[in-house]
Amino acid sequence: MHQPLTRLLSIGLAITLGGCAHHSTSRNWNGLMGADGEPTYYKETSKVAVNLFIAIPLAGNVSIDGMMRDLTEDIHKESGNNVRVVQGDSENYWYGFPPITWVFTPVITTVSAEYKPHIDTYVVDQKKIRQEQGETNYNPTQW
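Criteria and thresholds
- Residues numbered from 1 in each chain as written.
- Predicted model: local features only at pLDDT ≥ 70, side-chain atom pairs only at ≥ 80, totals over all residues.
- Heavy atoms only, no water.
- Helix = DSSP H or I, 4+ residues; strand = E, 2+ residues; numbered from the N terminus.
- Polar contact = N/O pair within 3.5 Å; in protein donor to acceptor, adjacent residues only side chain to side chain.
- Core = buried A, V, L, I, M, F, W, Y, C linked by side-chain atoms within 4.5 Å.
- Buried < 20%, exposed > 50% of the residue type's maximum accessible area, 1.4 Å probe, protein only.
- Contact = heavy atoms within 4.5 Å.
- Expected span 1.5 Å × (residues − 1).
- Arc of directions from axis to C-beta.
- Salt bridge = Lys/Arg side-chain N within 4 Å of Asp/Glu carboxyl O.

## Focus: the side chain of Lys47
Turning to step 1, where the next piece is worked out: With respect to the element layout, Lys47 can be found in strand β2 (residues 41-52).
Turning to step 2, where the next piece is worked out: In terms of polar contacts, Lys47 uses its side chain to reach the backbone carbonyl oxygen of Asn61, at 2.9 Å.

Next up, the structure:
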């Protein structure tokens, strides 16, 4: 009884969250600069989508155009510039819970890039990083 309910809830959650982009940015490079001697940030954008019968898009746009739009839109909001795509990956989980995932197939796509932050953003971020390093409280989520 619980197993079919769990599978249906998982599918419902995947369809509901399909197309949501999740961003993660690395701002702390321990004072090091990018390859050109300028401050550089690293951003990763992941997106979950659902395909119908493994290949037909149902919810979410994980095409390369859609992923680049989401990544560069978030970088643009932070006033970043000079984007260099570092890596892209897409995984189709048709094998997750057969036969259900043969019908509703979760797909997770990730694109990563380096970019130059706006100088004002960089200064504020570095002050915050130095302040956090000076605190003596140990936070296991920051290890």
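## Some details on the nonpolar core
Turning to step 1, where the next piece is worked out: Formed by Tyr41, Met67, Leu71, Ile75, Val111, Ala113, Tyr115 and Tyr122, the largest nonpolar core amounts to eight residues.
Turning to step 2, where the next piece is worked out: Sorting the residues of this core by element identifies α2 (64-77) and β5 (104-116) as the ones contributing at least two each.
Turning to step 3, where the next piece is worked out: Contact partners of Ile75, with chain neighbours within four places excluded, come to Lys43, Gly80, Asn81, Val83 and Tyr115.

## Structural notes on α2
Turning to step 1, where the next piece is worked out: Taking 1.5 Å per residue, 14 residues should reach 20 Å; α2 reaches 20 Å between its end C-alpha atoms and fits that length.
Turning to step 2, where the next piece is worked out: All of the buried residues along α2 are Gly66, Met67, Asp70, Leu71, Asp74 and Ile75. Seen end-on, α2 carries its buried residues on one side only, within an arc spanning 165°. For α2, exposure combined with an orientation more than 90 degrees from the buried face picks out Ile64, Asp65 and His76.
Turning to step 3, where the next piece is worked out: Contacts from the buried residues of α2 go to β1 (21-26), β2, β4 (81-92) and β5.
Turning to step 4, where the next piece is worked out: Backbone geometry just after α2 places Ser79 at a positive phi near 60°.

## Describing the pattern of salt bridges
Turning to step 1, where the next piece is worked out: Summed over the entire model, instances satisfying the criterion amount to seven salt bridges.
Turning to step 2, where the next piece is worked out: Asp74 is the salt-bridge partner of Lys43, the closest N and O atoms lying 2.7 Å from each other. Here the residue Lys43 occupies a position in strand β2, and Asp74 occupies one in helix α2, the gap between them amounting to 31 residues.
Turning to step 3, where the next piece is worked out: Classification of Asp74 by relative accessible area gives buried; the value is 14%.
Turning to step 4, where the next piece is worked out: Note that Glu78 and Lys43 form a salt bridge whose closest N and O atoms lie 3.3 Å from each other. Residue Glu78 is located in the loop between α2 and β4, and its partner Lys43 is located in strand β2; the two are separated by 35 residues in the primary sequence.

## With respect to unusual backbone geometry
Turning to step 1, where the next piece is worked out: Residues Pro98 and Pro99 are joined by a peptide bond in cis, for which omega reads 0°.
Turning to step 2, where the next piece is worked out: By the element assignment, Pro99 lies in the loop between β4 and α3 (100-103).
Turning to step 3, where the next piece is worked out: If you check the backbone angles, Phe53 has positive phi at about 55° while not being a glycine.
Turning to step 4, where the next piece is worked out: Summarising the element assignment, Phe53 is placed in the loop between β2 and β3 (56-59).
Turning to step 5, where the next piece is worked out: Of note in this structure, Ile54 is not a glycine but carries a positive phi near 70°.
Turning to step 6, where the next piece is worked out: You can see Ile54 is positioned in the loop between β2 and β3.

Remember, this is a structural readout, not a statement about activity or role.
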